[in-house]
Amino acid sequence: MGYVDEVLERVRTKNAAEPEFLQAVEEFMESVRPVIDANEDLYRKEAILERITEPDRQIKFRVAWVDDNGQAQVNTGYRVQFNNAIGPYKGGLRLHPSVYIGIIKFLGFEQIFKNSLTGLPIGGGKGGSDFDPKGKSDREVMAFCQAFMTELSKYIGADIDVPAGDIGTGAREIGYLFGQYKRIKNLYEGVLTGKGLTYGGSLARTEATGYGVLYLTEELLKCNGKDIAGKTIAVSGSGNVAIYAIQKAQQLGAKPVTCSDSTGWIYDPEGIDVALLKEVKEVNRARLTEYAAKRPSAEYHEGKGVWSVKVDIALPCATQNELLIDDAKALVANGVQAVVEGANMPTSLDATKYLQDAGVLFVPGKASNAGGVATSALEMSQNSERLSWTFEEVDSRLKGIMVNIYHNIDDAAKRYGKEGDYVAGANIAGFEKVCEAMIAQGIN
Ligand code: NDP
């Protein structure tokens, strides 16, 4: 058995109860197989694959807080510090009832390569909790965040590990977390990104992930002889990534016609009204039924369905495994030309393969949604020099980074005879840099 298959077997046995982590590792291993095969003896001797699939550290802790009825509640908190070969651990905090160690490990693993692709000095980590902010009062969210940070603060720092937002963790949560860190440590430092603009946040960080997805999509289409202007787009999700993907798509002359949340989805043939969507989701924290009630051109449907709409481009921006094989078949049957992931691992492995085999341009989230973490790294730079850059400066750097990522993954795929396979290109380009740094730093 070759080295890749041996390590895959070992990872499967050791992590059998963590299907999302295994899915992320399997995709990675298949992609880097040609790189490993070209230098198998060295990588085997260095145990590169065993080391890169084993987190540096996994922290799990109790988070006890008191709800508005005076009742104590208990959640579980996690931080996985996966790999810091190229910089301090960096990755968001997910607050969602589905969170368990397997989700955090898959996200932390993907983060290693994503962060490497940005070209910035950041390692990979991820954290979160099974706490559900939905339906909680501001005071309850604050109580949870303070309890969570009381424990997490022992393990993080501006040069150690710098968390950020993710599903369920937005500006409100980052504010409460930062306040508690400062109170406990008596230290004003850039320990979190996604901060508010009055206390060290960066302009354009809120928009960065969604905008970045579109900057990469624009370059992808351009380099494949297509134009984004005039294209219809299906977007899933209606959170941070989805909203700003829709906004930038419209600025580039495309027409997003769908969005979704965990209960239903919208089809709006006249194009999504971003101002209304922001009011419903960012201000009122309401369901999409409210959008449909205020927008005569919109249809609301219960359950899932955005991928059944005939579009040129699909941007999954909600969560993992939300675009499955039947969705891929429906998209291809409707003539989709590109699928670019805004979320982390939204497309299952078989759906990805189906899309690629059908000739659809497919870019994985670790490349296409890297604009969020890249801008977080720009926020860290601004915090270090105690300066703030203008929106235009951050946005133009973001665009440069996304265009660069596209060319890097395209080149890496070509170097290994896999032209147009951006999954392979992203994994290979991300891996090469981390691998070189790990070897240079010796066995640890
Ligand atoms: P938000 O919490 O702002 O929004 C998430 C959206 O997805 C909401 O519309 C939510 O609906 C929906 N959603 C979440 N979980 C599920 C589920 N299990 N089933 C169906 N719908 C679901 O998160 P973000 O927009 O920040 O994150 C979206 C994705 O992008 C995630 O995969 C995240 O890891 C990834 N990402 C985010 C980055 C960022 O900067 N924010 C950076 C890079 C990647 P509802 O409100 O009903 O739950």
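Quick summary incoming for the structure in this document. A quick note: this is a predicted structure, and the numbers were derived from the prediction, not measured. (Residues numbered from 1 in each chain as written. Predicted model: local features only at pLDDT ≥ 70, side-chain atom pairs only at ≥ 80, totals over all residues. Heavy atoms only, no water.)

1. Structural notes on the site of the ligand
- Taken together, 25 residues lie around the ligand, and Lys134, Asp166, Thr209, Ser262 and Arg287 are the ones closest in.
- Separating an oxygen atom of the ligand from a side-chain N or O atom of Lys134 is a distance of 2.7 Å.
- Ser262 places a side-chain nitrogen or oxygen 2.5 Å from an oxygen atom of the ligand.
- Residue assignment for the shell around the ligand shows that the elements contributing at least two residues are α8 (205-223) and α9 (240-251).
- Looking at side-chain class alone, the shell around the ligand contains five nonpolar, 13 polar and seven charged residues. (Near = heavy atom within 4 Å. Polar contact = N/O pair within 3.5 Å; in protein donor to acceptor, adjacent residues only side chain to side chain. Helix = DSSP H or I, 4+ residues; strand = E, 2+ residues; numbered from the N terminus. Nonpolar A, V, L, I, M, F, W, Y, C, P; charged D, E, K, R; others polar.)

2. Regarding the environment of Val35
- Within the element layout of this structure, Val35 appears in helix α2 (residues 19-37).
- Sequence separation between Val35 and Ala72 is 37 residues, and the spatial gap between their C-alpha atoms is 52 Å.
- The residues contacting Val35, other than those within four sequence positions of it, are Tyr43, Tyr416, Ile428 and Phe431. (Contact = heavy atoms within 4.5 Å.)

3. Focus: the nonpolar core
- By size, the foremost hydrophobic cluster in this structure holds 97 residues, and its most contacted members are Phe28, Phe109, Tyr291, Leu315 and Phe431.
- At ten residues, helix α17 (residues 422-440) tops the list of elements feeding residues into this core.
- Counting residues in each nonpolar core, the second largest holds 23 residues, with Leu93, Leu95, Cys145 and Leu192 among its members. (Core = buried A, V, L, I, M, F, W, Y, C linked by side-chain atoms within 4.5 Å. Buried < 20%, exposed > 50% of the residue type's maximum accessible area, 1.4 Å probe, protein only.)

4. As for helix α5 (residues 101-117)
- The terminal C-alpha atoms of α5 lie 25 Å apart, and with 17 residues this matches the ideal 24 Å at 1.5 Å per residue to within 8%.
- At Gln111, α5 shows its maximal kink, close to 25°. (Expected span 1.5 Å × (residues − 1). Bend = angle between axes of the 7 residues up to and from the residue.)

5. Examining the sheet that holds strand β3 (residues 89-95)
- Reading across the sheet, the five strands line up as β1-β2-β4-β3-β5 and stay open at both edges, with mixed pairing between neighbours. The open sheet has two edge strands, β1 (57-66) and β5 (161-164), and neither has a second partner. With direction set aside, neighbouring strand axes in the sheet form an average angle of 20°.
- Against the sheet, α5 engages β1, β2 (72-83), β3 and β4 (123-129), with an angle of about 155° to β4. (Pairing = 2+ DSSP bridges. Axes fitted to C-alpha atoms, helices over the stretch in contact; angles between N-to-C directions.)

6. A look at the packing of α2 against α17
- Between α2 and α17, whose axes approach to 8 Å, the crossing angle comes to 65°. In terms of orientation, α2 and α17 fall into the roughly perpendicular class. Crossing handedness for the pair α2 and α17: right-handed. For the pair α2 and α17, the contacting residues are Glu27, Phe28, Ser31, Val32, Val35 and Ile36 in the first and Val423, Ala424, Asn427, Ile428 and Phe431 in the second.
- Broken down by class, the residue content of the contact of α2 with α17 amounts to eight nonpolar, two polar and one charged. (Parallel < 35°, antiparallel > 145°, perpendicular 65-115°, else oblique. Left-handed = near helix turned anticlockwise from the far one by under 90°.)

7. Structural notes on the packing of aromatic side chains
- In this structure the tally under the stated criterion is 17 aromatic pairs.
- Arranged with centres 5.6 Å apart and planes meeting at 75°, the rings of Phe28 and Phe431 form a pair that is edge-to-face. Here Phe28 is found in helix α2, whereas its partner Phe431 is found in helix α17, with 403 residues between them in sequence. Here Phe28 matches Phe431 in class, with each residue buried. (Phe/Tyr/Trp six-rings, centres within 6.5 Å; stacked < 30°, edge-to-face > 60°.)

8. Considerations on α2
- Counted at 1.5 Å a residue, the expected span for α2 with its 19 residues is 27 Å, and the 26 Å between its end C-alpha atoms agrees.
- Of all the bends in α2, the largest measures some 45° and sits at Ser31, one to four residues before the proline Pro34.

9. Remarks on the environment of Thr13
- Its location among the elements puts Thr13 in helix α1 (residues 3-14).
- Taking relative accessible area as the criterion, Thr13 reaches 60% and is therefore assigned exposed.
- Each C-alpha atom of the pair Thr13 and Phe362 lies 30 Å from the other, and the pair is 349 residues apart in sequence.
- Reaching out from Thr13, the side chain makes a polar contact with the backbone oxygen of Glu9 at a distance of 2.8 Å.

10. Some words on the packing of α5 against α17
- Packing of α5 against α17 leaves a shortest axis separation of 8 Å and a crossing angle of 85°. Between α5 and α17, the angle falls in the class roughly perpendicular. Listed contacts from α17 to Ile112, Phe113, Ser116 and Leu117 of α5 are Ala426, Ala429, Gly430, Phe431, Lys433 and Val434.
- Residue composition of the contact of α5 with α17, grouped by class: seven nonpolar, two polar and one charged.

11. Remarks on the pairing of strand β9 (residues 264-267)
- Bridge count between strand β8 (residues 258-260) and β9: three bridges; the pairing is antiparallel. Of the residues in β9, the one forming a bridge with Ser260 is Trp265.
- Hairpin remark: β8 followed by β9, antiparallel, with three residues in the connecting loop.
- Sheet topology note: the β9/strand β10 (residues 299-302) ladder contains four bridges and is antiparallel. Residue Ile266 lies in a different strand from β10, and its bridge partner there is Tyr300.

12. Concerning the sheet that holds strand β13 (residues 361-363)
- Strand order in the open sheet made by the five strands is β7-β6-β11-β12-β13, with parallel pairing throughout. Both outer strands of the open sheet, β7 (255-256) and β13, are each paired with one neighbouring strand and no more.
- Looking at chain direction, strand β11 (residues 313-316) and strand β12 (residues 338-340) are connected through two bridges and run parallel. Bridging from a neighbouring strand, Ala314 pairs with Val339 of β12.
- Against the sheet, α9 makes contact with β6 (232-236) and β7, and its axis sits at roughly 170° relative to β6, the strand it touches most.

Geometric values such as these leave the question of function open.
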